[in-house]
Amino acid sequence: MAQLGEVVVSARKVEKYFGDLHVLQGVDLDVRRHETVMIIGRSGSGKTTFLRCLNFLEEPTVGSVRIADIEVDADPIHRRSRSHQEQIRQLRLRAGMVFQDFNLFPHMTVIENCIEAPTRVRKVPRNEAIERADGFLDKVHLLDKRNEYPARLSGGQKQRAAIARALTNEPQVLMFDEPTSALDQELIGDVLKVMEDLAHEGMTMIVVTHEMHFAHEAADRVVFMEEGLIVEDGPPEQVLNNPQDPRTKQFMRRFIETQQSAVQNLPGWAD
Amino acid sequence: MATATQTAGAPPADPIVVQVRSAAKKRRLTFRVQFVLTWILLIGGLILLMASGGNGLDGAFIATWAPFILGGAGTTVIIAVLAIIGAVLLAIVGALGRLSTNGWIYGAATLYVSLVRGTPLLVQILFAYLALAELGLVLPIFVAGTGALAFNYGAYITEIFRAGIQAVPRGQREAAEALGMPERTVFRRIVLPQAFRIVTPAIGNEFIAMLKDTSLVSIIGVTELLWRAQAAGRPNVRIFEAILVAAGIYWVLTIIFSYFQERLEQRMARSDR
């Protein structure tokens, strides 16, 4: 693993209400350069909402987020103000996002998907943008599909294209929201491989995931969330194999049980 | 379709496959013959019926005046095209208004839709011609008629666009925003093109309907298809024949544009699954 650098992402006291529902109850998280942090937890624990708060796809109700040199305070009252929106935009330019269901633009080819942000937002000359995008597509092993429309790609290819697209702004951090949850089992491996390669290259990553084995292999740190709070935060060997917090223990025990029963229910395994 | 299994070097097909294939082919042919015969019989029967009743059909009148009536078809198409363009432009603004979080803008857009949908098109055409003149704004009849059609259809298409914009998955907007695109760029580059694709079939239908509704502007004297039919029929007391010719031309126009509409839809659907 690469040497960890300075703190690139810093979330402070992030809270989020959906109506009366207190989904995030004050989350603090620091992520260092080159670090891969995986966030686990049961559904409804707030992990996806927290990730979406980091680039303000959800406006936090309270708190602040800093990515590299841009710090934005939650301002749900003046959310629509021009200066706030511009700050958020600057924040987003520093964070690439990969979604569960890809969200590739269906009316554009893969390469067009990948040059849209550089050319339209950062005003990179088209030729240069194409050249760089080809490099990213090569990295996710999708260069041969550069002229296809997303509808012609498999799920795994779509997600890899989405990763390439997220790289095109040359972000300080890459954020993944359950990147393999919408994929068929046999397509997951390709996507995880690409993510692992990125981690090895030193990309800073925050990954919300249900893939425990992947977390175990590829994470520098695992964060366990429950009821809108981080309850355990540490190296994968600690959080996954030897959790300290009773809630993490319970979660991991249940995870291992379901894994075992899934295997045992396969034909030929039943006693 | 079937050619993929018949590439050179492929082993000869199983006899049952050949039989199934030829039976399917025969069914398709029978279907087509039935379809064409139905049309010929029904249309032929209808014409015979009209020709044999009462005074019969005046073939000589039709032959003499049909070209004159057909001359109005160009005006009809031009009005329909201009009006649909105007309507779509109005509808983009209208739909943005209907989706606006600004109360003034939302109010104006909603009033527009309500007003137009709550009054008859014929009344709106007369209003554009007469009432505006009353207020001192005298519009040439062509402008008044086309404008009224655009104004009317704009309201209906506003609602089509609103639904189309809302039908673009939220994740599309989020992906674009996450890439740092400003709101306007997101709308122009990501949402609008996809909304256009969603509403294209509906806009096509509106255009076909518009083609026929242009006949209403004959009432203020625009010299389109129906106006010409009446102008030819009245002095010769052959109104029925004239209207029949006009109806036939409208029908043919509709068929032609339906064909183009289908082609357009196929083209736009290409990048979809």
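Residues numbered from 1 in each chain as written. Chains lettered and ligands numbered in written order. Predicted model: local features only at pLDDT ≥ 70, side-chain atom pairs only at ≥ 80, totals over all residues.

Draft legend 1. Summary view of the overall build of chain A. A count of helical and extended segments in chain A gives nine helices and ten strands. Against the compact-globule benchmark of 18 Å for 271 residues, chain A has a radius of gyration of 19 Å, which places it among compact chains. By principal-axis analysis of the C-alpha atoms, chain A measures approximately 60 × 50 × 40 Å. Taking all 271 residues of chain A together, the buried fraction comes to 46%. For chain A, the share of sequence-separated contacts (at least 6 apart) that also reach a separation of at least 24 residues comes to 65%. (Helix = DSSP H or I, 4+ residues; strand = E, 2+ residues; numbered from the N terminus. Rg over C-alpha atoms; globule rule 2.2 N^0.38 Å. Buried ≥ 20, exposed ≤ 12 C-beta atoms within 10 Å, placed from the backbone. Contact = placed C-beta atoms within 7 Å.)

Draft legend 2. A look at the environment of A:Gly202. Residue and element names in this part refer to chain A. Structurally, Gly 202 is set in the loop between helix H6 (185-201) and strand E8 (205-208). When the 15 C-beta atoms within 10 Å are taken as the criterion, Gly 202 is described as partly exposed. As for Gly 202 and Glu 35, which are separated by 167 residues in sequence, their C-alpha atoms are 7.4 Å apart.

Draft legend 3. Expanded view of the domain arrangement of chain B. As assigned here, chain B comprises domain 1 (13-56) and domain 2 (65-268). One C-alpha centre belongs to domain 1 of chain B, the other to domain 2 of chain B, and the line joining them spans 36 Å. (Domains from an automatic or database assignment.)

Draft legend 4. Seen up close, the domain arrangement of chain A. Residue and element names in this part refer to chain A. Under the domain assignment, chain A is made up of domain 1 (1-94 + 179-234) and domain 2 (102-170). Each side of the interface is counted separately: domain 1 has nine residues, and domain 2 has eight residues. Per-element accounting of the side of domain 1 that touches domain 2 gives the leading share, four residues, to H6. Taken together, the residues that form the side of domain 1 that touches domain 2 break down as seven nonpolar, no polar and two charged. (Nonpolar A, V, L, I, M, F, W, Y, C, P; charged D, E, K, R; others polar.)

Draft legend 5. Main features of the sheet that holds strand E4 (residues 62-67) of chain A. Residue and element names in this part refer to chain A. The sheet built from four strands is open, its strands ordered E2-E1-E4-E5 with antiparallel pairing. In this open sheet, the two edge strands, each paired with only one partner strand, are strand E2 (21-32) and strand E5 (70-73). Averaged over all pairs of adjacent strands, the angle between strand axes in this sheet comes to 15°, irrespective of strand direction. In terms of strand pairing, strand E1 (residues 7-18) meets E2 through nine bridges, oriented antiparallel. Bridging from a neighbouring strand, Tyr 17 pairs with His 22 of E2. The sheet contacts of helix H1 (residues 47-54) involve E1, E2 and E4, and relative to E1 the element is tilted by about 120°. Helix-sheet contacts for helix H2 (residues 82-93) involve E4 and E5, and the interaxial angle to E5 is about 135°. (Pairing = 2+ DSSP bridges. Axes fitted to C-alpha atoms, helices over the stretch in contact; angles between N-to-C directions.)

Draft legend 6. Spatial organisation of the nonpolar core. Counting residues in hydrophobic clusters, the biggest one holds 82 residues, and the most contacted among them are A:Ile39, A:Val173, A:Leu174, A:Met175, A:Met205, A:Ile206 and A:Val222. By residue number, the principal contributor to this core is helix H5 (residues 155-167) of chain A, which donates six residues. For A:Ile206, the contacting residues outside a window of four places in its chain are A:Val9, A:Val31, A:Val37, A:Ile39, A:Leu51, A:Val173 and A:Met175. With 46 residues, the next largest nonpolar core counts B:Ala80, B:Tyr129, B:Ile160 and B:Ala232 among its residues. (Core = buried A, V, L, I, M, F, W, Y, C linked by C-beta atoms within 7 Å.)

Draft legend 7. Representation of the pairing of strand E7 (residues 173-177) of chain A within the structure. Residues and elements named next belong to chain A. Most of E7 sits out of view: five of its five residues are buried. Alternating residues of E7 divide into Val 173, Met 175 and Asp 177 and Leu 174 and Phe 176, and every residue in both groups is buried. Where strand E6 (residues 95-98) and E7 come together, four bridges link them in parallel fashion. Following the sheet pairing, Ala 95 is matched in E7 by Val 173. Here four bridges tie E7 to E8, and the two strands are oriented parallel to one another. Following the sheet pairing, Phe 176 is matched in E8 by Val 207. Handedness of the crossover is the feature at issue here: the chain leaves E7, passes through H6, returns alongside E8, and the resulting connection is right-handed. (Right-handed = clockwise from strand over helix to strand, strands pointing away.)

Draft legend 8. Layout of the interface of chain B and chain A. On the chain A side, the residues contacting the 19 residues of chain B number 19 residues. When grouped by side-chain class, the residues that make up the side of chain B that touches chain A number seven nonpolar, six polar and six charged.

Draft legend 9. Inspection of H6(A) at higher detail. All names here are of chain A. In this model H6 runs 26 Å from its N-terminal to its C-terminal C-alpha over 17 residues, within 8% of the 24 Å that 1.5 Å per residue would give. Considered for burial, the residues of H6 that qualify are Asp 190, Val 191, Val 194, Met 195, Leu 198 and Ala 199. Positive backbone phi, approximately 100°, marks Gly 202, located one or two places after H6. (Expected span 1.5 Å × (residues − 1).)

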